[in-house]
Amino acid sequence: MIDKKLLEILVCPVSKAPLNYDEQRNELVCRASGLAYPIRDGIPVMLESAARVLTTDEKLG
């Protein structure tokens, strides 16, 4: 789980778009850039090199 106040201020470092929290995968998702950033030990890893590329279905979802 991620703190809602933290989620409100975080943006994607690539697109500067807002992020959505995916509870099942424990990731912060940016559909604008097509990236999902992992959360490790409660800390978002906001590095493009650590991000997972979203599938086409995930980008549309």
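Residues numbered from 1 in each chain as written. Predicted model: local features only at pLDDT ≥ 70, side-chain atom pairs only at ≥ 80, totals over all residues. Heavy atoms only, no water.

Student: Could you clarify how one ought to interpret the pairing of strand E3 (residues 35-40) in this entry?
Tutor: As a general feature of sheets, a regular strand has side chains that alternate between the two faces. Counting buried residues along E3, five of its six residues qualify, which places the element largely inside the surrounding structure. Here strand E2 (residues 27-30) runs beside E3; their pairing, made up of four bridges, is antiparallel. Looking at E3, one finds that Leu28 is bridged to Tyr37. Connecting E2 to the antiparallel partner E3 that follows it, the hairpin turn spans four residues, and Gly34 within it adopts a positive phi of roughly 75°. In this structure, E3 lies alongside strand E4 (residues 43-44), joined through two bridges in antiparallel fashion. (Buried < 20%, exposed > 50% of the residue type's maximum accessible area, 1.4 Å probe, protein only. Helix = DSSP H or I, 4+ residues; strand = E, 2+ residues; numbered from the N terminus. Pairing = 2+ DSSP bridges.)

Student: Sorry, what's going on with the nonpolar core here?
Tutor: As a rule of thumb, nonpolar side chains are buried together in soluble globular proteins. In this structure, Ile2, Leu10, Cys12, Ala17, Leu19, Leu28, Cys30, Leu35, Tyr37, Ile39 and Ala51 together form the largest nonpolar core, which totals 11 residues. At the level of elements, E2 and E3 are the ones that each hand at least two residues to this core. Top element by residues in this core is E3. It accounts for three residues. If we skip the residues at most four places from it in the chain, Leu35 touches Val14, Leu28, Val29, Cys30, Glu48, Ala51, Arg52, Val53 and Leu54. (Core = buried A, V, L, I, M, F, W, Y, C linked by side-chain atoms within 4.5 Å. Contact = heavy atoms within 4.5 Å.)

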